[in-house]
Amino acid sequence: MAQAKGNDIGLYGLAVMGQNLALNIADKGFSISVSNRSPEKVDTTLERAKKEKVKGKIEGYKDVKEFVGSIRKPRAIIILVSAGKPVEDVIDLLLEVLEPGKKKNSLVSKKKKKKRKFWCKKNFFLTNKKKKKGDMIVDGERRAEKVTAKKLLYMGMGVSGGEEGARHGPSLMPGGPIEGYKRIEDILVKIAAKSNDGTVCVTHIGPGGAGNYVKMVHNGIEYGDMQLIAEAVIFRKKDDRGKDKDADLVDKVLDKTGQKGTGKWTVREAAEQSIAASTMSAALDVRNLSALYEERQVAARIFEPSKPEHVKNVKQFVDDVRSAVTYPIANGSFFFFFLF
């Protein structure tokens, strides 16, 4: 059977994450078309591809019709733009150009417990939304209904690993119709991170907003992990051995942090399901307190700080701190994930 004409996949949205993911796909030997609202980033991406000597073909398009037309059918397009209105704008832009399919299939959505109709389409969307606020699950399912009404498929995919992960191997959490996942499974498997035993860090999570849901819980777990590490640093600093305690990078960073909301959503979801996610909940509380930097400075002038204690057995102390971090992470935060 002859290979369909056109590139294997398309990607719209060429900020750093989008560029890195596109270069990762091309570097694994696939052909990819890229486009962006501001055309100069298309040029930047192509220049990077040339400089980094990617193995596959990467083509840039500044006209959306040419971009869509360059992708083989059934067309698959990754949308990687900022959350909110930019996502809606790109979907609307692509809906004007993509061709609807004709063959109808039915899938069973376990979440809504009723049969839902999807179409085996000529095109589908795969979005990774850089969420700022709101509910990513509700947004994803609402957009899926909008796209499905146009006889197209829609998926939502969590991407973990940041900029480096996107370029060299992210953990991927795609959710949505299984036929959409099968269209790009070979690409996702190749670009995803691999564990030491060779396990590929991607699988079809489930229908609807399942992929974004897992990404939300994943981020909540990271809240707990980071708080455990932070507390271990505090215990280590209680060892008053005359060393420069301000030599660590963490001491040179402002003691104030923000959040995008996924940890809060995870704790809220745990409460809704009567799950005791104590590690994540405590981490969220401390993060909220961290944001009150000015208030904490006032409190620090009123209350006396605790005095550091001398540690006699340093090796035992370090081992104890390491265990205090490792075991709760392994047996605490990750355990909560399986309760959702």
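Given the structure is predicted, the values throughout are model-derived calculations rather than measurements.

1. Looking at the overall build of the protein chain
- Along the backbone of the protein chain there are 12 helices and nine strands.
- Across the 340 residues of the protein chain, 44% fall into the buried class.
- Across the protein chain, the fraction of contacts at a sequence separation of at least 24, relative to all contacts at a separation of at least 6, is 71%.
- Accessible area for the protein chain stands at about 19,000 Å²; split by element, carbon and sulfur atoms hold 56% of it.

2. Things to note about the pairing of strand β1 (residues 9–12)
- With burial as the criterion, each face of β1 is covered, one bearing Ile-9 and Leu-11 and the other bearing Gly-10 and Tyr-12.
- Relative to strand β2 (residues 32–35), β1 runs parallel, the two being bridged by four bridges. Bridge pairing links Ile-9 to Ile-32 in β2.
- Once you follow β1 into helix α1 (residues 16–27) and on to β2, the crossover reads as right-handed.
- Of the strand pairs in this sheet, β1 and strand β4 (residues 75–79) are connected by three bridges, and their pairing is parallel. Across the sheet, residue Tyr-12 finds its bridge partner in β4, namely Ile-79.

3. A look at the nonpolar core
- Counting residues in each nonpolar core, the largest one holds 31 residues, and the members touching the most others are Ile-25, Ile-32 and Ile-58.
- When residues of this core are traced back to their parent elements, those giving at least two are β1, α1, β2, α2 (40–51), β4, β8 (153–160) and α7 (178–191).
- Looking at which element gives the most residues to this core, the answer is α1, with six residues.
- Discounting residues that sit within four places of it in the chain, Ile-25 has contacts with Ile-9, Phe-30, Ile-32, Ile-78, Ile-187 and Ile-191.
- If you look at the next biggest cluster of nonpolar residues, it comprises 19 residues, including Val-68, Ile-79, Val-81 and Ile-91.

4. Topic: helix α10 (residues 278–290)
- With 13 residues, α10 extends 18 Å from end C-alpha to end C-alpha; this agrees with the ideal 18 Å at 1.5 Å per step.
- Among the residues of α10, Met-280, Ala-283, Leu-284, Arg-287 and Ser-290 are the ones counted as buried. Axial view of α10: buried residues confined to an arc of 115 degrees, hence all on one face.

5. Observations regarding α2
- Taking 1.5 Å as the rise per residue, α2 with 12 residues should run 16 Å; its terminal C-alpha atoms sit 17 Å apart, in good agreement.
- As for α2, its buried residues are in contact with α1, β2 and β3 (58–61).
- Following α2 by one or two positions, Lys-53 adopts a phi angle in the positive range, close to 55 degrees.

6. Side note on the environment of Val-217
- Mapped onto the elements of the fold, Val-217 is located in helix α8 (residues 210–237).
- On the basis of relative accessibility, which here comes to 1%, the residue Val-217 falls in the buried class.
- With 46 residues separating them in the primary sequence, Val-217 and Gly-263 have C-alpha atoms 7.5 Å apart.

7. Thoughts on a nonpolar patch on the surface
- A cluster of nonpolar side chains, Val-298, Ile-302 and Phe-303, forms an exposed patch at the surface whose accessible area comes to about 330 Å².
- Relative to the helices and strands, Val-298 is located in helix α11 (residues 293–302).

8. Description of the pattern of salt bridges
- Summed over all chains, the structure comprises 15 salt bridges.
- The partner of Asp-27 in a salt bridge is Arg-167, and the shortest N-O contact between them spans 3.6 Å. With a gap of 140 residues between them, Asp-27 in helix α1 and Arg-167 in helix α6 (residues 162–168) connect regions that are remote in the sequence.
- In this structure Arg-167 comes out as buried when scored by relative accessible area, which is 8%.
- The network of salt bridges with common partners includes Asp-27, Arg-48, Glu-52 and Arg-167.

9. Overview of the confidence of the model for the protein chain
- Looking at the protein chain as a whole, its pLDDT mean stands at 81, while 79% of the residues score no less than 70.
- Taken element by element, the predicted model of the protein chain shows its lowest mean pLDDT in strand β5 (residues 103–109) (30) and its highest in β2 (97).
- Note on residues 129–134: pLDDT under 50 across the span, and 20 contacts to partners over four residues away in sequence or across chains.

10. Comments concerning the packing of aromatic side chains
- Summed over all chains, the structure comprises one aromatic pair.
- Aromatic pair Tyr-12 and Phe-67: ring centres 6.2 Å apart, planes at 65 degrees, arrangement edge-to-face. Linking Tyr-12 in strand β1 with Phe-67 in helix α3 (residues 64–69), this pair joins segments that are 55 residues apart in sequence.
- Taking NZ or CZ as reference, Arg-287 lies 3.8 Å from the ring centre of Tyr-223, over its face.

11. Looking at unusual backbone geometry
- Note that the residue after Lys-73, namely Pro-74, is joined by a cis bond; omega there is -10 degrees.
- Tracing the chain through its elements places Pro-74 in the loop between α3 and β4.
- Residues other than glycine seldom take positive phi values, yet Lys-53 does so here, at roughly 55 degrees.
- Even without being a glycine, Lys-151 presents a positive backbone phi close to 60 degrees.
- Within the secondary structure, Lys-151 is located in the loop between α5 (136–148) and β8.

Definitions and limits used
Residues numbered from 1 in each chain as written. Predicted model: local features only at pLDDT ≥ 70, side-chain atom pairs only at ≥ 80, totals over all residues. Heavy atoms only, no water. Helix = DSSP H or I, 4+ residues; strand = E, 2+ residues; numbered from the N terminus. Buried < 20%, exposed > 50% of the residue type's maximum accessible area, 1.4 Å probe, protein only. Contact = heavy atoms within 4.5 Å. Areas by Shrake-Rupley, 256 points an atom, 1.4 Å probe, with all protein chains shown as cover. Pairing = 2+ DSSP bridges. Right-handed = clockwise from strand over helix to strand, strands pointing away. Core = buried A, V, L, I, M, F, W, Y, C linked by side-chain atoms within 4.5 Å. Expected span 1.5 Å × (residues − 1). Arc of directions from axis to C-beta. Patch = residues over 30% accessible without salt bridge, like charges linked within 9 Å, V, L, I, M, F, W, Y side chains within 5 Å. Salt bridge = Lys/Arg side-chain N within 4 Å of Asp/Glu carboxyl O. pLDDT = per-residue confidence, 0-100. Phe/Tyr/Trp six-rings, centres within 6.5 Å; stacked < 30°, edge-to-face > 60°. Lys NZ or Arg CZ within 6 Å of the ring centre and 35° of its normal.

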